[in-house]
Amino acid sequence: MMNVERLQRFNWRPVAIGFLLVLLLLMPFNWFMGQYTTLLVFIGLHTMVTVGLCLLLGYTGQVSLGQAAFYGLGAYFSAVLSKTYGVNPWLAMIIGAIATGTFAYVIAYPIFRLKGNYLAMATLGLGIIMYVLFRQMAQYTGGPDGMGGIPQLAIGSFVFDTPFKRYYLVWFFCLSILLLSQNIVNSRTGRALRAIHGSEAASASLGINVAQFKMKIFVLAAVYASLAGSLFVHHLSFVNPQPFGFLGSVMIVVMAVVGGLASIWGAIFGAAMVRILSDELLLRFGELDIVIYGLILMLVMIFTPEGLFVRLKSYYRRWQTGRLGEVEL
Amino acid sequence: MASDQLLQYLFSGLTHGSIYALVGVGFTIIYAVTSIINFAQGEFVMLGGMLSFFLFASMGVPLPMAVILAIIVAAVVGALLYLLAIRSARQASVVSLIIITIGASIFIRGIAAEVWGVDAVRPPAFTGTTSWLVAGAYIQPQAVWLIGITLVLTLLLHLFFNFTMMGKALKACAINRSAAGMVGIDARAMALTAFVMAGALGAIGGTVMSPLTSITYGMGAMIGLKGFVAASIGGFKSPVAAVIGGLTLGIVEAMAVAIGWGPFSSAYKDAIALIVLLAILLLRAGQLAAQERPS
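Read on for a plain summary of the structure. (Residues numbered from 1 in each chain as written. Chains lettered and ligands numbered in written order. Predicted model: local features only at pLDDT ≥ 70, side-chain atom pairs only at ≥ 80, totals over all residues. Heavy atoms only, no water.)

Looking at the interface of chain B and chain A
At step 1: Facing the 46 residues of chain B at the interface are 43 residues of chain A.
At step 2: Here chain B and chain A share an interface that buries about 3800 Å² over both sides, 80% of which is from carbon and sulfur atoms.
At step 3: Counting across the interface, chain B meets chain A through zero salt bridges.
At step 4: In this structure, the connection of chain B to chain A is made through zero residue pairs in polar contact (both at pLDDT 80 or more).
At step 5: Ranked by residues supplied to the side of chain B that touches chain A, first place goes to helix α4 (residues 94-116) of chain B with 16 residues.
At step 6: Its residues assigned to classes, the side of chain B that touches chain A comprises 36 nonpolar, six polar and four charged. (Contact = heavy atoms within 4.5 Å. Buried area = accessible area lost by both parts, 1.4 Å probe. Salt bridge = Lys/Arg side-chain N within 4 Å of Asp/Glu carboxyl O. Polar contact = N/O pair within 3.5 Å; in protein donor to acceptor, adjacent residues only side chain to side chain. Helix = DSSP H or I, 4+ residues; strand = E, 2+ residues; numbered from the N terminus. Nonpolar A, V, L, I, M, F, W, Y, C, P; charged D, E, K, R; others polar.)

In structure tokens form, the structure reads like this:
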């Protein structure tokens, strides 16, 4: 009995984060999970996109059904600038992030006068239109067939030319973004965002500029997605419009929902679960993956609207305080 | 532009507009009665088209029977969507309901792809495919069916909502749910009715449209978006307003393509709906925000 209490009182958080970091550091080695390096790279990329949506959904209570469009914008900015115009890939990535962020800012101004259903439908429409543009502007984007031969990222003479090297690059970006987001959430801005989620009217009466905070997070989420898109094309050296359509956006929503809406680190969990599900388990089943995504979305939202990861975390908290058996009110 | 050409584009606009109208009516009925935007609305159109084709082509059901069965199945899917997914999520926030109906949408779409494959199918036209020449413009008999059925349904819906007990009960729920409850109207039964009607209307659109345009498992999202635009133009107020909204959107799309204005070649036709949507939403932003149920 005594031992259980000591286990409960122990602060497991640093241990968990340390374990996660060591795991991330060692995973791409051949003797560990080397054969899954590509999968792990994709998990990192999708974590970056998902954490933006988590901030938007979980902390401002706004939904975006067009997040894949920003992912695609970053991807195409990097691909076209670095391949067609010979711009340095890092510079292309920065230009892409700035351009995507500016675009998000410009559309956020009208779009965030909308709420709930209307905002969702407007972002859904925006996502579909961007997808149409990626397909139709074939003279720049290569159209539905896509474009290949995109140069690789390099620092001096060190080229990120293997999945092993790119894994560390992607996860460096990913962890930086997670830490940044963590800090935002725990700052004054984060408290303002939670207040907005609680009640827009109440927070506005306390002097919080509701529209401005929502816009900032929307732009931030777009920049995250754009950076992930840039890394994505340099990883594959190829891009086509397929990942950036409506289903791409829905997949990001699934990741955010599985990860837990108001949870930064849950984004890794959400991205990992969905990617493992679709890449490793469902590959042979054709369109079965969207059936499963649909089921996940419905079941999670019906039974644990706060998100799967957050629910698991709350079980842990209750175990820690010895109230696991109690019924949650 | 010659007047016969203009008429040709007008026919095309009315044909597409009829589909947007039927989907828009579905959105409007569900939203009015339950305050829910059903993001799976476009899937009913897909189900109608797919079911009528496969009942006819694979199972040898006579076409009129296949069409009726397709509509009934879609109505049942609408009922199941409400009973299993929406009603289980009690007191869910707006965002939760959006995500639930999005989940339902891709779930239905995935099942359709698994069962019927991913290729486009085209059921046979009801009464032949020989186009008629009307004042210098051609129109297919199937397009006449589509426009005609839409107009007849609009009239029937108008009569239903204004002159039948059930229609009035639905309308009462739309105006004030708790007051409707006080006079003995079962809000849940009304919500179920709304989903069944929306499913049936979408499927009617799908069965009549698919011989013209063919249909694939993935068409629901775009058709749903257009239907939502139709309902938005109508202000989510009445089915008749949604029909007017749908026809307006169809004509605007066709005319933009006709004029070839700016980037609106037919490849970008779909972008017009979004621009119209954003314009309407923004013009009415204040009003819409007031309508939204607090989350």
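Regarding the pattern of salt bridges
At step 1: For the structure on display, the rule yields three salt bridges over all chains.
At step 2: A salt bridge links A:Lys214 to A:Glu200; the nearest nitrogen and oxygen atoms lie 2.9 Å apart. Remark: A:Glu200 occurs in helix α10 (residues 200-205) and A:Lys214 occurs in helix α11 (residues 210-236); sequence separation between them is 14 residues.
At step 3: With a closest N to O distance of 3.2 Å, B:Lys226 and B:Glu253 form a salt bridge. Here B:Glu253 lies in helix α10 (residues 239-259) and B:Lys226 lies in helix α9 (residues 220-233), a separation of 27 residues in the sequence.
At step 4: The class for B:Lys226 is buried, based on a relative accessible area of 4%.
At step 5: Exposure remark for B:Glu253: the relative accessible area of 1% places this residue in the buried category. (Buried < 20%, exposed > 50% of the residue type's maximum accessible area, 1.4 Å probe, protein only.)

Observations concerning α4(B)
All names here are of chain B.
At step 1: Taking 1.5 Å of rise per residue, the 23 residues of α4 would be expected to cover 33 Å, and the 33 Å separating its terminal C-alpha atoms lies within 8% of that figure.
At step 2: A large share of α4 lies buried, amounting to 19 of its 23 residues.
At step 3: At the C-terminal side of α4, Gly117 shows a positive phi close to 85°. (Expected span 1.5 Å × (residues − 1).)

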